[in-house]
Amino acid sequence: MIKDFFSQPEGLQSLSGEVTILHSVDSTQIFAASLAREGTSDGASVVAEIQTKARGRFGHDWYSPSGGLWVSVILKPSSAPARLPLLSIAGACAVCEAIEDVTKLDSVGIKWPNDVVIRGRKIGGVILEASFKSRKLEYAILGAGINVNIPTTSFPSELRESATSLCILTGRNYPLSPLFNSFRRSLDKLYLKYTNKQDQAIQQVIQTRILGIGSRVKMRLSGKTTSGLVKGIDVDAGLVIENDQNKILTIYDRDVESLTFLGDRDKASN
Ligand code: BTN
């Protein structure tokens, strides 16, 4: 699998940086952050075959055996902190596009904010971790995980109901290199839009991917439970909700303690 990664896709504009390939690492996020601190340039990636302490969002662990695509990308845009959630969801869109490109599966969507979902099950996820110096973004590490060649029996029992993989869905295994290259090509285009501050163009891409628009949701925000109807995504990647008092609220990932979609079989919890 390792040397499989050495083909560099052509035509990358912003993500043509070096790719570090590791057999086993605690977390590609940690490794990439150390490279970023040492001065590794914008657009470099770290890929690992196995992660022993992979990080999910909200301090969760991320199951990372051999057979998945585990990647972290070093990004050093000039960006206000408030724009970073947009970059993070753009990363989830790049995961969706890469999956569709390589497998021809359709209906790959995003359960806001960052879960990549097919047929109601989580196939991948994205995390964005940022470091600031004097309130200026020093670097961001965009981590993406895709369950590729992982059979049901390999998942820990607590994930078997909620997670899936490309091999479970299609009955075949996939080489990781084309998926990785496709992810880089998609992220490259979105990142170019991001650095050119074309936030509305990114918002439009996200809007086509977000699941549950028009569905009712129940959420817990700063200790209070609220419910309402999902209207869409705003330009800062916040989820726009019309609450039961017909008031429009925009909620952000950082404020949400839990989020449950009602009236469909998808259930998300943050
Ligand atoms: C989530 O859905 O909670 C986000 C999961 C992100 C997992 C990826 S795998 C590659 C990178 N390295 C990590 O430690 N985490 C991310």
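Conventions used here
- Residues numbered from 1 in each chain as written.
- Predicted model: local features only at pLDDT ≥ 70, side-chain atom pairs only at ≥ 80, totals over all residues.
- Heavy atoms only, no water.
- Near = heavy atom within 4 Å.
- Polar contact = N/O pair within 3.5 Å; in protein donor to acceptor, adjacent residues only side chain to side chain.
- Areas by Shrake-Rupley, 256 points an atom, 1.4 Å probe, with all protein chains shown as cover.
- Helix = DSSP H or I, 4+ residues; strand = E, 2+ residues; numbered from the N terminus.
- Nonpolar A, V, L, I, M, F, W, Y, C, P; charged D, E, K, R; others polar.
- Pairing = 2+ DSSP bridges.
- Axes fitted to C-alpha atoms, helices over the stretch in contact; angles between N-to-C directions.
- Parallel < 35°, antiparallel > 145°, perpendicular 65-115°, else oblique.
- Left-handed = near helix turned anticlockwise from the far one by under 90°.
- Contact = heavy atoms within 4.5 Å.
- Phe/Tyr/Trp six-rings, centres within 6.5 Å; stacked < 30°, edge-to-face > 60°.
- Buried < 20%, exposed > 50% of the residue type's maximum accessible area, 1.4 Å probe, protein only.
- Lys NZ or Arg CZ within 6 Å of the ring centre and 35° of its normal.
- Right-handed = clockwise from strand over helix to strand, strands pointing away.

Student: Mind showing me how you'd approach the site of the ligand here?
Tutor: Lining the immediate environment of the ligand, one finds 20 residues, of which S27, Q51, R55, R57 and K122 sit closest. Contacts to the ligand include K122, whose side-chain N or O atom sits 2.6 Å from an oxygen atom. Starting from 410 Å² of accessible surface for the ligand in isolation, the protein chains cover 98%. Listing elements by their share of the shell around the ligand, those giving two or more residues are α1 (28-37), β3 (68-75), β6 (121-133) and β7 (136-147). By residue number, the principal contributor to the shell around the ligand is β6, which donates 4 residues. Here the shell around the ligand is built from residues that sort into 7 nonpolar, 9 polar and 4 charged.

Student: Could you clarify how one ought to interpret the sheet that holds strand β9 (residues 224-233) in this entry?
Tutor: Adjacent strands of a sheet pair through backbone hydrogen bonds, lying either parallel or antiparallel. The 5 strands lie next to each other as β11-β10-β9-β8-β12, forming an open sheet whose pairing is antiparallel. Every interior strand has two partners, whereas the edge strands, β11 (248-251) and β12 (256-262), have only one. The average angle at which neighbouring strand axes cross in this sheet is 40°, direction not considered. Pairing of strand β10 (residues 239-243) with β11 involves 4 bridges; the strand directions are antiparallel. Across the sheet, residue I241 finds its bridge partner in β11, namely L249.

Student: Teacher, can you tell me more about the packing of helix α2 (residues 84-103) against helix α5 (residues 199-209) here?
Tutor: Each packed pair of helices is defined by two parameters, the angle between the axes and the distance between the axes. The geometry of α2 relative to α5 is characterised by a closest axis approach of 10 Å and an angle of 50° between their N-to-C directions. Between α2 and α5, the crossing angle belongs to the class labelled oblique. Here the hand of the crossing between α2 and α5 comes out left-handed. Listed contacts from α5 to L86, I89, A90, C93, C96, E97 and E100 of α2 are D199, I202, V205, I206 and R209. When the residues that make up the contact of α2 with α5 are grouped by side-chain class, the tally is 8 nonpolar, no polar and 4 charged.

Student: Before we go on, may I ask you to explain the packing of aromatic side chains in this structure?
Tutor: Any aromatic ring pair is given by two values, namely how distant the centres are and how the planes are angled relative to each other. The tally for this structure, following the rule as stated, stands at 3 aromatic pairs. Here the aromatic rings of Y191 and Y194 are separated by 6.5 Å at their centres, their planes lie at 15°, and the arrangement is stacked. With Y191 and Y194 both in helix α4 (residues 176-195) and 3 residues apart, the pair spans about one turn of that helix. Given the relative accessible area of 1%, Y191 is considered buried. Here the guanidinium or amino end of R83 rests over the ring plane of Y194, the centre of that ring lying 4.0 Å away.

Student: Explain the side chain of S45 to me, please; I cannot follow it from the model alone.
Tutor: Within the element layout of this structure, S45 appears in strand β2 (residues 45-51). According to the relative accessible area criterion, S45 is buried, its value standing at 2%. S45 has contacts with E18, V19, T20, V71, S72, V73, F180 and R184, leaving out every residue within four places of it along the chain.

Student: I keep staring at the pairing of strand β1 (residues 19-25) and nothing clicks. Help me out?
Tutor: The two faces of the sheet receive side chains in turn, since in a regular strand these alternate between them. Pairing geometry for β1 and β2, over 6 bridges, is parallel. Bridge pairing links V25 to Q51 in β2. This β-α-β element, β1 to α1 to β2, shows right-handed connectivity.

Student: How should unusual backbone geometry be read in this particular structure?
Tutor: With glycine set apart, most residues show a phi of negative sign, and most peptide bonds adopt trans. With an omega of 5°, the peptide bond running from W112 to P113 counts as cis. By the element assignment, P113 lies in the loop between β4 (108-111) and β5 (115-118). For F58, which is not a glycine, the phi torsion comes out positive at approximately 55°. Tracing the backbone through its elements, the reader meets F58 in the loop between β2 and β3. Even without glycine at this site, N246 takes up a positive phi of about 60°. Of note, N246 is situated in the loop between β10 and β11. Take N246: its relative accessible area is 59%, and that puts it in the exposed class.

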